Each structure stands twice: as structure tokens, then as C-alpha cells.
Amino acid sequence: MNCSIDDLSITNIRLLAIDAVENANSGHPGMPMGAAPMAYVLWTKVMNYNPKHPNWINRDRFVLSAGHGSMLLYSLLHLSKMDLSIEDLKKFRRLYSKTPGHPEYGHTTGVEATTGPLGQGLSMAVGMAMGERYMAAKFNKEELELINHYTYAICGDGDLMEGVAQEASSLAGHLKLGKLIVLYDSNNISLDGGTELSYTENVEKKYEAMGWEVFTVEDGNNLDAIEQKLKEAKKNESKPSLIIVKTTIGYGSPNKGGKSASHGSPLGKAEMELVKKNYNWNHEPFFVDSRVEKNFEDYIALNEQKEQKWQEVLKEYQVRYPNESRLLEKIHTQPIDIDNSILPIFEENTYTSTREASEKILNAFASNMSLIGGSADLSSSNRTYLANKGDFHPNNYSGQNIHFGVREFSMGSILNGLALYGGLRPYGATFLVFSDYMRPAIRLSALMNQPVTYIFTHDSIHYGEDGPTHQPIEHIPSLRLIPNLLVFRPADANESVEVYKSAFSQTNRPSAIILSRQDLPVITPPPGLDNKVKKGGYVFQPESREEIDVVLIATGSEVTLADNVRHRLEADGVSVRIVSMPCLELFNEQDQAYKDQIIPPAVHNRVILELAAPYGWDSVKGERGINIGIDSFAASAPGNDLVKEFGFTEEAISNKIQEYLKRNLKELSI
């Protein structure tokens, strides 16, 4: 084969990708065929990484935002000796393989983020770039740069059509994230056909307007031009860079190249033969040329030397700055210290909203350098600002408060990027009703096992006058539907302390903490509360006599309501046990003995009380239990008027429970 080693390597990357797609009879061959040259240049001539130490903290990060082109990444990981074998490539899209259809964090060494939902990969890359700037500001010394690397991403037309990418790109430009470089695989094709069907904006001018430096490579096969633009982009540390690379989807395919036909389906046997003829490739599937292996080994050796030089810097840093060195090591294993002595204690019979309690709790934890986050332009209302910890902005990347602006979805994705970066415990806040805007990012947090903390305030129709557009109804149960997400709704300020302790102790799943706007009485004494809350549910108020007539299970502000209802019912001779359930997911994880201790199986009369859509409680409600909730939109009025209108008063709830008990008694007597 008469071609350069670079061309041969790119051809081998392309063939590994399309062989795997063909073997699986499923996948996206077109993107790897078109984008292989830019990816090759990045991974061999520009990017710093070491496959022998894939989690080296000063490595460059790479995110394949166009995650449908996963075989491009898998081919590079294999050739780069990242613990991905040819056998793994042959199992592309097979059950429990290291090569799932879209890259999944934690499944495959070298995959920095789960991508595929378009736009979120680029947004997570923004979070990683923010993480680099923050850690550099915290740890670098004038004479010793310990943290100094780049974040790279490859995106496609679909990524840039998604609103989340535009939100994140806007913030990245504002923050002057000069160490973020995005390669845009501009092939003018989407799944349904040419992008002219729906996408004709001037991307260059738009990104320049957002504060980015923009470069263009007219020929996606021009390796020198790609390398040159990447090096130019690295010189500008005050602006993120977008490199528009004009490519041909399915490059080399005579009948499907440049067409949507190569986007999401295998090329087919006949077309594969023509492609291999075009590439002058006469080898069996999954063949790797020894010259290509040697080429990658040479680049890997150079990268190993780069890490060795960094290790020398680290040794000097450890000698000169031992405290900072120990902190850097610690935060990558235990980001948040849970020190009870610094946490607030709220006196019983005082009043405070749980969002106000949350503010005090967050600020108690703010001494942890790892805690970083903010709000979608609502910090004064969500009460999430960390006092005296500074704002994260281009003149102060060491600030722990991030102003996300009105960008809920990208806030969630950026939080994921910060968490994936390592050593950080990010949080983000908005009103509960707007959790819908960021749900796909919350889902990815759970899928990637990232301990991101989501804070949602204004948790019910108590919100009041702003009306049904701002009053959550279905949001709490809908969040509980997300696997691997803990949903907390504390009853009062002291429960809120324990909820935060539980959320911050998580290492492999996110938490959603749902808080009240209205003041609530402090009804829980702190001693022993931690052991109760961390189990998800506990007996808040025991029954008045040995026999239990009804178990009343409540969350959040409704625990106070339940206690008031108990007094009414017991005056009528009804024995009530009240269970506070701050986290249904944690309760469901307890052993059966504990669950039976809290909700005795012999007690069939069970009432769930929550100001939310009455769904998702089957695990504790039992066959004869009932939900008392709200399953309609409310109205614009003061909160107290709304709870009366929708039947969430002591009298109304007491009457409903009495009717329920009479109905059950009648049915049992028949």
C-alpha cells in the first residue's frame, strides 16, 4: 500500500469502525468514516493522555459528543492500548460488552462521559473545562503549574441544533474557557436528510457572537490544516475554540457517501466491498496493520514521557506544598467531610422554611473546597449562595459560586461534567417545576453514577400567587421514576441537615433535595435523627395505644399536617402511627425486618399524605392503602387559600381518613 503512515492509520480506524458496525448489523458508520482524520490528528499529535494511567489527573479530556459515532472512539481506544481488545470490538452492541451502542462512562476505560443524547456531551465538556480552571486556580502556584490541560470534544450538526449545547456554549464564551476546544464535524447531513431541511444558520458568526474563536478547515482530510488549527486554538487561552471541519459523511462509500443512508445503518456487504476497494484495503475484518500499531505505540511513548515530566513536577509540589498535596489527594477519594460539629442545629418549635435551612446547611459545608455550584438565576430565591466563597468568573476561577443564568438544562449537564472531572461535588438549584427542563441531565447523572446534588425549592401549591405554571404537581413522583436517583423531601430544618449529610455521603448516585418556600415548624429533635433519615423512613410519632388503626405516611411539609391530623383522630379514638418518609428510595433498600418495624405488615390501613400527584407509593401503601394527593393543576392565589381549596387542611384530611376507615371496616365485615 503506497501511502503515508498517517493515511494508513486513518484507513485502519475507518475500517475497524465499519467492520464492527457490519458485524453487529447495527450502528452508525458514516460519522467515523468522515471524522476519522480529525480524531486521528487529535489523538496522536495533539492530545495528552497515558493509557497506562488513564485517570492521570492532568490528562487532556476528550468527549465524543456525537456519541452515535461510538466506533470511532472505540477504534481509537483499541489502537491507543486502552484496555479494549479486538474481541471487544467484535462484541460491539452486544449484551454487557465494553462497546455499547453509545459510549457509556464506567463501562469502557477511556470513555470520559456517557454521550448520545445530542448536545449533552458538548455541555459536559464545558463542565470539565470549568473543573480544570477551578482546580488550577485552587492548586497552581506561580512557579509550579500542577493543573494545566485541555478539554476536547467532537460534535456534529445534531449537537449544535440542540438547545442545551447553545446554552452551554453561551456560558463557556462568557466564562472565557480558553482551554475548551471543540471540533465540529460539519457534514451537512442529519438522519432525515440534508441539514438544509431545518438548519441553515451561520454557525461561525453565532459562535463568534457568543465569545468563541472560530476556525474553519475546508477539507476534512487535510491533516496539516487540522493540526495547524488545533495548535492555533491552544494559543488563545481567553476564548474557547470551535474548529469547523468540513467532512463527507460515509467518506469512501461510492453509493452512500455524503448521504443520510450512511448515517444510522450498516453499509451492507456489497457496499463494504466497494468501500474497501476505494480504500485499497485487502484484509479480513478487524485487521490491524502492524505499522499502524507501531505508529500509535510511538505516540503513546511520547505521552508517557509527558506524564513522567508531570510526575516530577508533582514530586516537587509535594515537597514544597505538602498541605495542598494532601488535600488534592484527599478530595479525589473523599470530596466532602461530614463534620457534625460545624452543622447547624435548629431548635424545636421555631419556624423556618426548608430552603432557608438549606442555605445555612450549604454554607456550613462550604468549607469543603470540593463544593461548587449555583443556581439558574435563582440563588436569592433558592438560597444556594455560598457566602464569602466568591463567584466563579474569568477574573476569579477559584470562586465556588457559579452563576448559570436561566439555563436549567445546561446547568444539569455542566454539573455532570464537573462531577466527571473528579474531586468536585457540584450542586445546582432551581424551582421544582423547572426540573422538567433539566430532566435528561438528571437521568444521565443517574446513568453515569455521578453524585450530583440537585436542589429544588418551591415544592408544592404552597407556592401560591404565581399560579399553576409555577406550582409543581407531577414532579415529585416523576423524579422518583428515575432509576438510581435519591429523592429527598425533608419535613423540617433538622431533617434537612440529615438529608444533606445523606446526599453528600453518596458516591455513586445523584440526589434531588426538594424544599419548601413556606415556613415550617421545627418538629424533629436532632439526637438520633441521622440514623433514622439515612434509612429513608422512620416512626415520627408512635401510636397512642398498642393496636394501630392507621399508619399515616407523610413527606415534607405534610409531616406537620399529619401530626395535626393525628391529634384530631386520636380525640375520636383512632390510634395513629405517623411515619416520616424523607426518602422512599432509601427506605425501600432497607431489609424487610426494618421495613416491617416501621410499617407493620398486619396494619392494612395505610394513608399516604403528600402534596403531589398520588403515584409511586405501591411499595409501602399495600393493597388496602390510599393516597391523598393532588392530581390536577391548581390556581393563582395565596398558598393558604389553595390548600383549603384542594382539601389539605387538618379537618379535610381527618374527614377523608375517617371515611376511609369506615369504608374498610364495612368491606371487611361483608
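Each remark here, short or long, concerns the structure printed above.
A.B. asks: Is there a simple way to explain the pattern of salt bridges in this structure?
C.D. replies: Pairing between side chains becomes possible if they bear opposite charge and their charged atoms approach one another. Evaluation of the coordinates by the stated rule reveals 29 salt bridges. Linking K294 and D298 is a salt bridge whose minimum nitrogen-to-oxygen distance equals 2.9 Å. Linking K294 with D298, this pair stays in helix α11 (residues 290-320), spanning 4 residues, or about one helical turn. Accessibility expressed as a relative area gives 44% for K294, which makes it partly exposed. Linked through salt bridges whose partners overlap, the residues forming this network are K81, E293 and E297.

A.B. asks: Just to check I follow, could you spell out the nonpolar core for this structure?
C.D. replies: Soluble, globular proteins show a tendency: their nonpolar side chains are buried together. If you look at the biggest cluster of nonpolar residues, it comprises 76 residues, and the most contacted ones within it are Y500, I553, M581, L609, V620 and I657. Sorting elements by how many residues they give to this core places helix α18 (residues 493-504) first, with 6 residues. Grouped together as the second largest cluster of nonpolar side chains are 74 residues, A129, L328, L418 and L420 included.

A.B. asks: Help me understand the sheet that holds strand β17 (residues 550-554) in this model?
C.D. replies: Here we have 5 strands laid out as an open sheet, ordered β16-β18-β17-β19-β20, and mixed in their pairing. Edge strands, defined here as strands with exactly one partner in the open sheet, are β16 (538-541) and β20 (626-628). Neighbour to neighbour, the strand axes of the sheet diverge by 30 degrees on average, direction disregarded. As defined by bridge partners, β17 adjoins strand β19 (residues 606-609) across 4 bridges and the pair is classed as parallel. Pairing of V551 across the sheet is with R606, part of β19. The strands that helix α20 (residues 558-571) touches are β16, β17, β18 (576-580) and β19; relative to β18, the one it contacts most, it runs at about 175 degrees.

A.B. asks: Even after reading the chapter, I still don't get a negative patch on the surface, so can you show me in this structure?
C.D. replies: Together, E465, D466, D641 and E645 give the surface a local cluster of negative charge. Within the fold, E465 resides in the loop between β12 (453-457) and α17 (475-480).

Conventions used here
Residues numbered from 1 in each chain as written. Predicted model: local features only at pLDDT ≥ 70, side-chain atom pairs only at ≥ 80, totals over all residues. Heavy atoms only, no water. Salt bridge = Lys/Arg side-chain N within 4 Å of Asp/Glu carboxyl O. Helix = DSSP H or I, 4+ residues; strand = E, 2+ residues; numbered from the N terminus. Buried < 20%, exposed > 50% of the residue type's maximum accessible area, 1.4 Å probe, protein only. Core = buried A, V, L, I, M, F, W, Y, C linked by side-chain atoms within 4.5 Å. Pairing = 2+ DSSP bridges. Axes fitted to C-alpha atoms, helices over the stretch in contact; angles between N-to-C directions. Contact = heavy atoms within 4.5 Å. Patch = residues over 30% accessible without salt bridge, like charges linked within 9 Å, V, L, I, M, F, W, Y side chains within 5 Å. Areas by Shrake-Rupley, 256 points an atom, 1.4 Å probe, with all protein chains shown as cover. Lys, Arg positive; Asp, Glu negative; His and termini not counted. Charge placed at Lys NZ, Arg CZ, Asp CG, Glu CD.

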